[in-house]
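# Fold and geometry: a report
Below, each chain spelled out in residue letters.
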Amino acid sequence: MAERNPVVDEWISKAEGDWRAMQLLHQQPGHEDAVVFHAQQCLEKYFKAALIAHGQTVQKIHDLRELSRQLGILMPDWEADPSDLTRITQGGVMFRYPGMEAHAEDAARAVAISLGVRQRLSGWLGSLPEAG
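Residues numbered from 1 in each chain as written. Predicted model: local features only at pLDDT ≥ 70, side-chain atom pairs only at ≥ 80, totals over all residues. Heavy atoms only, no water.

### Looking at the overall build of the protein chain
A tally of helices and strands in the protein chain yields five helices and zero strands. For the protein chain, the α and β elements follow one another from N to C terminus as α-α-α-α-α. Whereas a compact globule of 132 residues would reach a radius of gyration of roughly 14 Å, the protein chain reaches 14 Å, a difference of no more than 12%. For the protein chain, the spread of C-alpha atoms along the principal axes amounts to about 45 × 25 × 25 Å. Within the protein chain, counting contacts between residues at least 6 apart in sequence, those at least 24 apart form 62% of the total. With 13 positive and 18 negative side-chain charges, the protein chain shows a spacing of 4 Å between the two charge centroids. (Helix = DSSP H or I, 4+ residues; strand = E, 2+ residues; numbered from the N terminus. Rg over C-alpha atoms; globule rule 2.2 N^0.38 Å. Contact = heavy atoms within 4.5 Å. Lys, Arg positive; Asp, Glu negative; His and termini not counted. Charge placed at Lys NZ, Arg CZ, Asp CG, Glu CD.)

### Looking at the nonpolar core
Core analysis: the largest hydrophobic core is formed by 33 residues, its most contacted members being L43, Y46, F47, L71, W78, L121 and L125. Among the elements of the structure, α1 (6-26), α2 (32-53), α3 (64-74), α4 (82-94) and α5 (104-125) are those that each provide at least two residues to this core. Per-element tally for this core: the top contributor is α2, with eleven residues. With residues near it in sequence (within four places) discarded, L43 still touches L64, L85, I88, I113, S114 and V117. (Core = buried A, V, L, I, M, F, W, Y, C linked by side-chain atoms within 4.5 Å. Buried < 20%, exposed > 50% of the residue type's maximum accessible area, 1.4 Å probe, protein only.)

### What to know about the side chain of E32
Positionally, E32 belongs in helix α2. Among buried charged residues, E32 stands out as having no salt bridge; its nearest opposite-charge side chain is R87, 15 Å away. Filtering out sequence-adjacent residues up to four positions away, E32 remains in contact with A102, H103, A104 and A107. (Salt bridge = Lys/Arg side-chain N within 4 Å of Asp/Glu carboxyl O.)

### Some words on the pattern of salt bridges
Under the defined criterion, the tally for this structure stands at five salt bridges. Among the salt bridges present, the one from E44 reaches K48, with a minimum N-O distance of 2.8 Å. You can see E44 and its partner K48 sitting in helix α2, four residues apart, about one turn around the helix. The salt bridge involving R109 is made with D84; its shortest N-O contact spans 2.9 Å. With R109 in helix α5 and D84 in helix α4, this pair connects stretches of sequence that are 25 residues apart.

### Some words on the packing of aromatic side chains
For the structure shown, the criterion picks out one aromatic pair. For the pair F47 and W78, a centre-to-centre distance of 5.9 Å together with 85° between the ring planes defines the contact as edge-to-face. Highlighted residues: F47 in helix α2 and W78 in the loop between α3 and α4, separated in sequence by 31 residues. You'll find F47 and W78 in the same group, each marked buried. The positively charged end of R118 is found above the aromatic ring belonging to W19, 4.5 Å away from the centroid. (Phe/Tyr/Trp six-rings, centres within 6.5 Å; stacked < 30°, edge-to-face > 60°. Lys NZ or Arg CZ within 6 Å of the ring centre and 35° of its normal.)

Read these as geometric descriptors, not functional statements.
As structure tokens, this is what we get:
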């Protein structure tokens, strides 16, 4: 089995940092904005790790739907709900600024979507730490 590109491991490590932050913040009320932000960051980094693992150069974009579309070209059996990805992408930006705030339902949905995407990508990226 070929050795994995170390850049992929770096992206996974960064994604895992956002994964842990999202989980910790989700355990306490009042951090819903940050939960959605870290969910977006986590998925963006996992997608980029998967693209790099498939020999692609990643663009400096943050749109989860577009990153998922690019991944789907490389892996025809890949799928993720585009509306879920759009929701997290938009929430990761909107909820960082005054005038908009995430609610418990937004945070819970972001965590659930992240868990599902993370589990599916684990098969392509290799074993990821337990979701805990």
